[in-house]
Amino acid sequence: MTKWIILFSILYLGLLVYISLRSKKKVKSPVDYIFAGSNIGSALGFMTFAATLFSTFTLMGMPDFFRINGVGAWIFLAVSDGALVFLIVWFGFHLRKKVSEKEFSGISSLLQSSFGNKIAGYVYFAGVFIFLIPYVAIQIRGVSIFLHATFPAFLPVWGWALAIVVIMLIYSEIGGLKAIMYADSFQGLILLTVIWIIAMNCLRWFDGFENMFAAVEKANAALLSVPGPEGLFNVQFLVASLLVIMLIPVTQPQLTTRIVVMKNLKETHKMAIGVGIFANLIIFPTVILGYYGAVRYPTESTADFIAKVLLFDQPGIVAALAIIGLVAAALSTSDSQIFALGTEFRSLISGPDRKVMLRTRLAIIFFGIAALVFSILSSDELVMLARVSFAGTALLAPMIFTAVFSGKRSGPMIPVATFACLVIFISSLLGWIPDQLFHIRMDLLLLLFLGVFSLLVNLFSRNETNEK
Amino acid sequence: MQGIKKYLWYLTIIAAAALIVITFTPLVIPFGKHTPAVFGFPRTLWTGILISVGLVVLTAIGAILHRGSNRE
């Protein structure tokens with residue numbers, strides 16, 4: 001396996017260097033660097049969107065989710081992603097329309113100009129910073145733990161995390177968004193290929209689907225229905241998850257930016273269809289991996305199960321590809337999120353182009369370091385931490401919808417309420433206040449409250465054109 | 001023509017909403033039950049796959065029908 005890892009690592013790093021340098025040559029202005037020239041076609045668009053959306057959370061988290069909690073994981077992610085791509089068709093049109101009215105430099109500045117105050121932009125930035133950094137961190141941590149378990153004598157966990165962050169920052173800083181997009185496309189392809197090869201090997205072990213499901217029924221029949229053995233997938237959890245996942249393209253800047261920089265709406269729509277197909281293609285093999293684990297490794301820890309299914313049960317060449325695939329998965333999501341935070345930071349500052357760009361590049365390095373520090377400190381529950389990240393950023397959705405759909409300046413009330421809800425949600429996560437009220441989950445309750453509140457505030461606000 | 005397209009677009013939204021609502025009924029997620037199976041696939045999985053693929057198909061239809069689809 002070692003010779004394959006060395007070979008694939010050289011090829012992979014070589015390609016990242018080539019992509020960065022090639023993209024750097026095409027960067028002629030800050031807009032080229034930050035928004036990849038805003039001229040992205042559907043093929044590149046869908047690959048970068050998909051690779052950004054599906055991360056280590058898919059390759060490591062989802063098989064474990066199926067193994068522990070069963071079939072409800074399909075509803076949790078695949079159906080939610082179906083709703084997500086449908087939402088892009090509708091929201092993409094209105095977002096692009098809004099952006100075409102005013103010069104776009106980021107969602108933060110769009111919110112500031114739409115609400116007519118600075119608070120909205122700061123609340124948005126605070127929200128995405130608080131909930132994206134841990135999300136980036138858990139991916140880096142997930143892969144680092146895996147690499148450390150595989151090569152215990154080579155580097156400590158923090159050493160792997162540092163190496164991943166340094167690679168990510170180098171190619172992001174050199175080539176900008178275009179480099180990230182090309183790298184994402186390549187990384188997405190690796191992820192899809194690797195996961196299918198491994199899934200087919202696992203399926204071969206069962207000798208077909210019918211035998212696989214029969215073996216799972218024998219091992220633990222509760223894995224074949226909801227709510228699953230641990231009772232996680234109740235209706236409220238699944239509904240809340242659908243809402244927060246389908247709102248990701250609305251609230252998370254790495255995906256919102258990708259909708260905005262597409263060449264035109266037709267390409268945006270094609271991208272949405274492509275992402276929907278990709279979602280089904282990439283989630284389905286995780287069912288096989290998860291059920292393979294449920295039968296063969298039901299009591300192993302997550303790290304041991306992942307190491308066995310992805311490495312030790314595979315031929316050397318496939319195991320080496322899996323390692324590269326995991327690193328690629330972590331990089332493709334983390335780079336986009338860190339870069340998007342930099343873009344949002346840029347949209348909140350003003351000054352001469354050169355100064356703004358320098359500050360943005362420094363901010364990207366700072367966000368990378370923040371993610372690195374958090375990755376060393378965070379826990380190992382990939383999927384649940386990712387879900388918390390989705391739920392946190394989802395609270396920003398009513399404020400963004402108001403900015404995109406309303407022509408009124410509704411003042412600081414919605415941003416202030418959003419900030420208050422973020423504080424309440426974080427307090428519930430920290431255990432300072434209950435995580436349920438009247439038997440309703442706090443994330444669902446806050447999202448519903450903000451939705452209704454934003455509608456009411458908007459209803460009683462003055463029209464922007466009248467005000468002028 | 002535009003009127004029909006608009007009408008069909010709204011129908012697509014209703015269909016997508018209906019698929020999502022159906023997902024949370026015992027039709028797709030009957031608690032503690034995994035039959036009837038299709039080719040061995042447990043009920044929640046094969047119905048869930050139909051729903052998620054259905055949503056992608058509706059996305060494709062929606063992309064054609066949406067009023068912005070012919071604009072640059």
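Please read all numbers here as calculations on a predicted model, not as lab measurements.

Quick notes on the rules
- In every chain, residue numbers begin from 1 and rise along the written sequence.
- Each chain gets a letter, beginning with A, and each ligand a number, beginning with 1, in the order they are written.
- In view of the model being predicted, local features appear only for residues whose pLDDT reaches at least 70, and side-chain atom pairs are presented and counted only at 80 or more, with totals across whole chains, interfaces and linings using the full set of residues.
- Just so you know, side-chain values use all the structure's heavy atoms and leave hydrogens and water out.
- A run of DSSP states H or I qualifies as a helix once it reaches four residues; a run of E qualifies as a strand once it reaches two. Both are numbered from the N-terminal end.
- With C-alpha atoms as the basis for the radius of gyration, the globule rule is written as 2.2 Å multiplied by the number of residues raised to the power 0.38.
- Residue exposure (1.4 Å probe, protein chains only): buried if accessible area is under 20% of the type maximum, exposed if over 50%, otherwise partly exposed.
- Here, two residues are considered to be in contact whenever any of their heavy atoms come within 4.5 Å of each other.
- Here the accessible surface of atoms and residues is derived via Shrake-Rupley with a 1.4 Å probe, and residues count as covered only by protein chains that are part of the display.
- The charged-residue count follows a simple rule in which Lys and Arg add positive charge and Asp and Glu add negative charge, with His and chain termini not counted at all.
- To locate a charge, the coordinates of NZ of Lys, CZ of Arg, CG of Asp or CD of Glu are taken.
- The length a helix should cover is 1.5 Å for every residue beyond the first.
- The definition of a polar contact used here is a pair of N or O atoms within 3.5 Å, where within protein one atom must be able to donate a hydrogen and the other to accept one, and adjacent residues in sequence count solely through side-chain atom pairs.
- To obtain the bend at a residue, axes are fitted to the seven residues ending there and to the seven starting there, and the angle between these axes is taken.
- Think of a salt bridge as a Lys or Arg side-chain nitrogen and an Asp or Glu carboxyl oxygen that are within 4 Å of each other.
- When two components associate, each loses some accessible surface as probed by a 1.4 Å sphere; the sum of these losses over both components is called the buried area.
- When two rings of Phe, Tyr or Trp (its six-membered ring) have centres within 6.5 Å they constitute a pair, described as stacked for plane angles under 30 degrees, edge-to-face for angles over 60, and tilted for the intermediate range.

J.: Help me understand the overall build of chain A, please; the structure alone is not making it clear to me.
T.: Along its length, chain A carries 21 helices and two strands. Relative to the 2.2 N^0.38 estimate, which gives 23 Å for 468 residues, the radius of gyration of chain A is 22 Å and therefore close to what a compact globule would have. With respect to the principal axes defined by its C-alpha atoms, chain A has extents near 70 × 55 × 40 Å. Expressed as a percentage of the 468 residues in chain A, the buried residues total 61%. Counting contacts in chain A only where the partners sit at least 6 residues apart, residues at least 24 apart contribute 83% of the total. Looking at chain A as shown, the accessible area adds up to about 17300 Å², and 68% of this sits on carbon and sulfur atoms. Of the side-chain charges in chain A, 33 are positive and 24 negative, and the distance between the mean point of each set is 12 Å.

J.: Which parts of the structure should I look at to understand helix 7 (residues 118-150) of chain A?
T.: Owing to its 3.6 residues per turn, the α-helix aligns residues three or four sequence positions apart on the same side. All names here are of chain A. Taking 1.5 Å per residue, 33 residues should reach 48 Å; helix 7 reaches 48 Å between its end C-alpha atoms and fits that length. The buried count for helix 7 comes to 24 of 33 residues, which makes it a mostly enclosed element. Between the side-chain oxygen of the N-cap and the backbone nitrogen of I119 there are 3.2 Å, and the N-cap of helix 7 in question is N117.

J.: What is the right way to read the side chain of S52(B) from this model?
T.: Considering the arrangement of structural elements, one finds S52(B) in helix 2 (residues 43-65). Beyond its immediate chain neighbours, meaning those up to four positions away, S52(B) contacts W74(A), A78(A), V79(A) and N280(A).

J.: What should I look at first to understand the side chain of T360(A) in this one?
T.: Mapped onto the fold, T360(A) is located in helix 16 (residues 353-377). Looking at T360(A), its side chain comes within polar contact range of the main-chain oxygen of V356(A), at 2.7 Å.

J.: Mind showing me how you'd approach helix 4 (residues 56-69) of chain A here?
T.: Residue and element names in this part refer to chain A. When the terminal C-alpha atoms of helix 4 are compared, their 18 Å separation across 14 residues agrees well with the 20 Å that a helix rising 1.5 Å per residue should span. Along its length, helix 4 reaches its greatest deviation from straightness, about 30°, at M62, and the proline P63 lies no more than four positions downstream. Downstream of helix 4 by a residue or two, G70 has a phi angle that is positive, lying close to 85°.

J.: Explanation requested: unusual backbone geometry in the structure shown.
T.: Peptide bonds are mostly trans, and most non-glycine residues show a negative phi. With omega at 10°, the peptide bond leading from V226(A) into P227(A) counts as cis. Of note, P227(A) is situated in the loop between helix 9 (209-220) and helix 10 (235-246). Looking along the chain, the bond that leaves T35(B) and enters P36(B) is cis, with omega of 0°. Along the chain, P36(B) falls in the loop between helix 1 (2-23) and helix 2. Positive phi outside glycine occurs at F438(A), with the angle close to 50°. Within the element layout of this structure, F438(A) appears in the loop between strand 1 (436-437) and strand 2 (440-441). Residue H439(A) is not a glycine yet carries a positive backbone phi of 65°. Structurally, the position occupied by H439(A) is in the loop between strand 1 and strand 2. Of the residues examined, H439(A) reaches a relative accessible area of 68% and is grouped as exposed.

J.: Hey, could you run me through the environment of L247(A) in this one?
T.: Residue and element names in this part refer to chain A. Along the chain, L247 falls in the loop between helix 10 and helix 11 (248-251). Among the residues examined, L247 registers a relative accessible area of 8% and is labelled buried. In this structure, the C-alpha to C-alpha distance between L247 and A221, residues 26 residues apart in sequence, is 33 Å. Those residues within four positions of L247 in sequence are excluded, and the remaining contacts are L87, A394, A397, F401 and L447.

J.: Can you walk me through the pattern of salt bridges in this structure?
T.: Side chains bearing opposite charge may pair, as long as their charged atoms lie close to each other. Residue and element names in this part refer to chain A. Following the criterion strictly, the structure yields seven salt bridges over all chains and no others. Note that D64 is salt-bridged to R67, the shortest N-O span being 2.8 Å. One end of the pair is D64 and the other is R67, both in helix 4 and three residues apart, which spans about a single turn. We classify R67 as buried; its relative accessible area is 4%. Close ionic contact of D313 with R296 constitutes a salt bridge, the shortest N to O distance being 3.7 Å. One end of the pair, D313, is in the loop between helix 14 (302-312) and helix 15 (316-348); the other, R296, is in helix 13 (residues 265-296), with 17 residues separating them in the sequence. The partly exposed category is assigned to D313, whose relative accessible area is 26%. It is possible to trace a salt-bridge network through shared partners that takes in R387, R441 and D443.

J.: Is there a simple way to think about the interface of chain B and chain A in this case?
T.: Often, the extent of an interface is quoted as the loss of accessible area on bringing the components together. Taken together, the contact pairs 38 residues of chain B with 39 residues of chain A. Across the chain B to chain A interface the summed buried area is about 3200 Å²; carbon plus sulfur atoms make up 79%. Inspection of the region where chain B meets chain A yields zero salt bridges. Here chain B is connected to chain A by six residue pairs in polar contact (both at pLDDT 80 or more). For the side of chain B that touches chain A, the element with the highest residue contribution is helix 2 of chain B, accounting for 14 residues.

J.: Teacher, can you tell me more about the packing of aromatic side chains here?
T.: Aromatic rings in a pair are described by how distant their centres are and how their planes are angled relative to each other. Residue and element names in this part refer to chain A. Counting across every chain of the model gives 36 aromatic pairs over all chains. Plain terms: the ring middles of W4 and F8 are 5.8 Å apart, the flat faces sit at 25° to each other, and that makes the pair stacked. Of this pair, W4 and F8 are both found in helix 1 (residues 2-26), four residues apart, which corresponds to roughly one turn of the helix. A ring pair is formed by F125 and F129, whose centres lie 6.4 Å apart and whose planes are at 20°; its orientation type is stacked.

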